[in-house]
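Structure at a glance
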Amino acid sequence: MNNFTFHTPTEVIFGKDAELQTGGVAAKYGTRALLVYGKGSVVKSGLLARVLASLKEAGIAVEEFGGAQPNPTLAHAEEGVQRALTFGADMIIAIGGGSAIDTAKGIAHGAANPGSKLWELWTKQAPLTKSLPVGAVLTIPAAGSEMSDSAVLTNTVLGKKAGINTPFNRCRFAVVNPALGATLPPYQLAAGVTDIMMHTMERYFIPGIKCDLTDEIAEGLLRTVIKNGAVIIENPADYDAMAEVFWASSLSHNNLTECGRGKDFSVHKLGHALSARYGVTHGASLAAVWGAWAEELYRDCIPRFARFARSVWGITEADDTRAAKEGIERTVAFFRSIGMPTNLSELNVGITAADLEQLALDATQNDTLRLSRIRPLDAKAVEKIYRRAME
């Protein structure tokens, strides 16, 4: 087991009607909040009104900032920075999923550092030494941004999607009412289930490190998501199943499942390149390439893939190589069963073979970044995975 530091300072308020407690917990961090949300579903559902009432009761002044979108953009976050500065916000509160929360994180960083450009902070060209407090009212189990130290924005001018990991990304509080997931479309839920699984698997498939407890946590989380994810896609009104998936979303990306092992996130790099160029839903981009990534690398990591097959899928095959292969097939089949694409063609965005070289360069930062802790992948190797994913 490798050395590690584990610190998850986010206060989680979890359960039915949890959003009614937003004002009370937010009052610990400020009196003027910029409220970040998406394109109107929180308005139509009445959630925004309930949160606003709670904040008002706690004496917190609010400026609303809607328009957060899937694959959140740098430009929208920059607009939010100016709104926050004009309003004099001393905290940022997101209502939504990863898109709203990551936008809120970007706004918090920019508003706390008005002398720096947000993209320079985001890409570490300028030091990020402070930020505003961020809170989240979660509406979808997926990105895990409500407890993670990461956030992702897309620079549409450059066509680049980039993430930043920093302790300043940790939300001070997360309000989680699983009942809010009952109105989500099946495709959104399926993409969320995929993202939760991927956050866990990106930390799991790292060879040569003994971490029994961390492995058991990761495997249990995956089994829970697979079991309950299938349930909520068929019946999103099943509160108990939805609660399991919401909690798994938070735990999958708060670094718990990497203690002693670390993370890889090479599949995310492949997916980010697709989302940046084609606007592909994040979870769908991951499902479309995971099988090809696994087929390319599993022979270099057979013991891990075999353990995954037996511990997560209950595969009883004694031969490690055959078990590993079956585990990959079962995972891809699960993605397909919940309505996720399992190759690039199924994304239906017009990707051609001629596009793959540039995608590989995007994923590897023009061949300056080597992906995967199983075997280093340069741009040519990544292009090979994309080509495999076309099949």
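Up top is the structure.
Attention in this report is confined to the structure presented alongside it. The structure presented is a predicted model; accordingly, all values stated were derived computationally and were not measured. Throughout this document, residue positions are counted from 1 along each chain, in the order its sequence is written. Where totals are concerned, whole chains, interfaces and linings use all residues; where local detail is concerned, this predicted model gives features only for residues with pLDDT of at least 70, and gives and counts side-chain atom pairs only at 80 or more. Excluding hydrogens and water, the side-chain figures rest on all heavy atoms present in the structure.

For the rest of this paragraph, the subject is a nonpolar patch on the surface. Residues Met1, Phe4 and Phe6 make up a contiguous nonpolar surface patch of about 320 Å² in total accessible area. A helix here means a DSSP run of H or I that spans at least four residues, while a strand means a run of E at least two residues long, and both kinds are numbered starting from the N terminus. Summarising the element assignment, methionine 1 is placed in the segment before β1 (11–14). The exposure class assigned to methionine 1 is exposed, which follows from its relative accessible area of 57%. Residues enter a patch when their relative accessible area is above 30% and they make no salt bridge; the linking distance is 9 Å between like charges and 5 Å between nonpolar side chains (Val, Leu, Ile, Met, Phe, Trp, Tyr). To be clear on the numbers: accessible area is Shrake-Rupley with a 1.4 Å probe, and residue cover counts the displayed protein chains and nothing else. Salt bridge, as used here: a side-chain nitrogen of Lys or Arg that lies within 4 Å of a carboxyl oxygen of Asp or Glu. The rule is simple: take the accessible area with a 1.4 Å probe, protein chains only, and divide by the maximum for that residue type; under 20% is buried, over 50% is exposed, in between is partly exposed.

Here, axes are lines fitted to C-alpha atoms. For helices the fit covers the stretch in contact, and angles between N-to-C directions go from 0 to 180 degrees. Relative orientation of the contacting elements helix α8 (residues 212–234) and helix α12 (residues 302–313) amounts to 50 degrees, with a least axis distance of 9 Å. The angle between the axes of α8 and α12 places the two elements in the oblique class. Where α8 crosses over α12, the handedness of that crossing is right-handed. Where α8 approaches α12, its residues Asp212, Asp215, Glu216, Glu219, Leu222, Arg223 and Ile226 are matched on the opposing element by Arg304, Arg307, Phe308, Ser311, Val312 and Trp313. Residue composition of the contact of α8 with α12, grouped by class: five nonpolar, one polar and seven charged. With respect to orientation, any angle under 35 degrees is reported as roughly parallel, any angle over 145 as roughly antiparallel, any angle of 65 to 115 as roughly perpendicular, and every other angle as oblique. Put simply, a crossing is left-handed when the front helix is turned counterclockwise from the back one by less than a right angle, and right-handed when it is turned clockwise. Only heavy atoms enter the contact rule, under which two residues are in contact if any of them lie within 4.5 Å. Polar here means any residue outside two lists: the nonpolar Ala, Val, Leu, Ile, Met, Phe, Trp, Tyr, Cys and Pro, and the charged Asp, Glu, Lys and Arg; Gly therefore counts as polar.

Next up on the list: helix α15 (residues 379–389). All of the buried residues in α15 are Ala379, Ala381, Val382, Glu383, Ile385, Tyr386 and Ala389. On its buried face, α15 sits against α10 (266–278), α11 (282–297) and α14 (356–363). Of the residues that open α15, the one with a side-chain oxygen 3.2 Å from the backbone nitrogen of lysine 380 is aspartate 378. Distance and chemistry together define a polar contact, namely a pair of N or O atoms within 3.5 Å, with one atom able to donate a hydrogen and the other to accept it when in protein, and with adjacent residues in sequence counting only for side-chain atoms on both sides.

Attention now goes to the state of the cysteines. By disulfide we mean two sulfur atoms from cysteines, separated by a distance within 2.5 Å. Enumeration over the complete set of coordinates arrives at zero disulfides. Free cysteine cysteine 171: the closest other cysteine sulfur is in cysteine 259, separated by 19 Å. On the accessibility criterion, cysteine 171 (1% relative accessible area) is buried.

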